[in-house]
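Descriptive structure summary
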Amino acid sequence: MSSEYPVATTQLIVTKTDLAGYIVHANDVFCEISGYHKEELIGEDHNIVRHPDMPHIVFRLLWSKLLDGQEVYAFVKNMRKDGRYYWVFANVKPTTDKYGEINGFISVRKAANRNGVAQIDRIYKRLTSLELPGKLGQAAVKLKELLESKTIKYNDFAQRLQKGEQFI
Ligand SMILES: Cc1cc2nc3c(=O)[nH]c(=O)nc-3n(C[C@H](O)[C@H](O)[C@H](O)COP(=O)(O)O)c2cc1C
């Protein structure tokens, strides 16, 4: 069992990617938290920090919203270069060029609310248990059911968890 790497409440963790999700910018805080040097990150697929505990359905949803021009709020468990994990609350959105065309994406993250982490960790465990190798399995249905039972949209759910609200 690996241990958690702490994120300070004052830290803003920023990366930018191209349209395909390859990292084009990482701030110094991202480098410190992820444990990678900037040169190791630029040009790499953003899944370089992917943690296996993260459900595929969350990233499926993230990409579908982003490619539709929408922003996304999500709790993300990431893995450092040394194997330790860290939780963040992320706001990911498209960036546009001077003609208004989407030319990439930016993620600004901060320390995740601990009560939110406790709840989302349980939900993510349930979702990953429903996924099959390379397939979403019943996870998409389960997430939809959960949100419908709370009559809430994904982004609002994440933002309210970050505010410390109790859902489960
Ligand atoms: C701007 C931006 C930031 C991202 N940040 C992360 C991140 O911090 N951690 C992560 O696992 N995936 C992040 N992703 C999603 C990855 O591109 C990828 O979809 C995810 O890691 C799942 O990878 P996989 O499909 O290889 O399993 C980000 C994507 C974008 C566009």
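Helix and strand counts for the protein chain stand at six helices and five strands. Along the chain direction, N to C, the helices and strands of the protein chain fall in the order β-β-α-α-α-β-β-β-α-α-α. When its C-alpha atoms are laid out on the principal axes, the protein chain stretches across 40 × 40 × 35 Å. Within the protein chain, contacts between residues separated by at least 24 positions form 53% of all contacts whose residues are at least 6 apart in sequence. Split by element, the accessible area of the protein chain, about 9,200 Å² in all, is 53% carbon and sulfur.

Turning to the site of the ligand, a few remarks are in order. Around the ligand sit 16 residues in total, of which Asn47, Arg50, Trp63, Asn78 and Arg109 are the nearest. Residue Asn47 places a side-chain N or O atom 2.8 Å away from an oxygen atom belonging to the ligand. Here an oxygen atom of the ligand and a side-chain polar atom of Trp63 are 2.9 Å apart. Burial of the ligand by the protein chains amounts to 85% of its free accessible area of 610 Å². Class assignment of the residues belonging to the shell around the ligand gives a composition of nine nonpolar, five polar and two charged.

Attention now goes to the packing of helix H4 (residues 114-130) against helix H5 (residues 139-149). Closest axis-to-axis distance for the H4/H5 pair is 8 Å, and the angle between their directions is 145 degrees. Contact residues: Ile123, Arg126, Leu127 and Leu130 in H4; Ala139, Lys142, Leu143 and Leu146 in H5. Of the residues that constitute the contact of H4 with H5, the class distribution is six nonpolar, no polar and two charged.

Our focus in this paragraph is the packing of aromatic side chains. Across all of its chains, the model carries five aromatic pairs by this definition. Ring plane angle 65 degrees and centroid distance 4.9 Å describe the contact between Phe157 and Phe167, whose orientation is recorded as edge-to-face. In this pair, Phe157 is assigned in helix H6 (residues 154-162) and Phe167 in the segment after H6, connecting sequence segments ten residues apart. Assigned by exposure class, Phe157 and Phe167 land together as buried. By the ring-pair criterion, three or more aromatic residues cluster together here, those being Tyr73, Phe75 and Phe89. A cation sits over an aromatic face here: Lys77 above Tyr85, 4.3 Å from the ring centre. Of note, Arg80 hangs over the ring of Tyr5, and the distance from its end group to the ring centre comes to 3.8 Å.

Parameters and conventions
- Sequence order sets the numbering: in each chain, residues are counted from 1 along the sequence as written.
- Local features in a predicted model are, by the rule used here, given only for residues with pLDDT of at least 70; side-chain atom pairs are given and counted only at 80 or more, and totals for whole chains, interfaces and linings are based on all residues.
- Calculated side-chain values reflect all of the structure's heavy atoms, with hydrogen atoms and water omitted.
- Think of it this way: any DSSP run of H or I at least four residues long counts as a helix, any run of E at least two long counts as a strand, and we number them from the N terminus.
- Contacts were defined at the residue level, with two residues in contact if any of their heavy atoms lie within 4.5 Å.
- Using a 1.4 Å probe, the Shrake-Rupley method yields the accessible areas, and only the shown protein chains count as cover for residues.
- When we say a residue is near a molecule or strand, we mean one of its heavy atoms is within 4 Å of it.
- Here a polar contact means two N or O atoms within 3.5 Å. Within protein one must be a hydrogen donor candidate and the other an acceptor candidate, and residues neighboring in sequence count only if both atoms are side-chain atoms.
- In this classification, Asp, Glu, Lys and Arg are treated as charged, Ala, Val, Leu, Ile, Met, Phe, Trp, Tyr, Cys and Pro as nonpolar, and every other residue, Gly included, as polar.
- Here an angle of 0 to 180 degrees is reported between the N-to-C directions of two axes, which are lines fitted to C-alpha atoms, with helices fitted over the stretch in contact.
- Working definition: a ring pair exists when centres of Phe, Tyr or Trp rings (six-membered ring for Trp) sit within 6.5 Å. Plane angles under 30 degrees give stacked, over 60 give edge-to-face, the rest tilted.
- Residue exposure (1.4 Å probe, protein chains only): buried if accessible area is under 20% of the type maximum, exposed if over 50%, otherwise partly exposed.
- For a Lys NZ or an Arg CZ to count as sitting over a ring, it must be within 6 Å of the ring centre and within 35 degrees of the ring normal.

Just distances and angles here, no functional claims.
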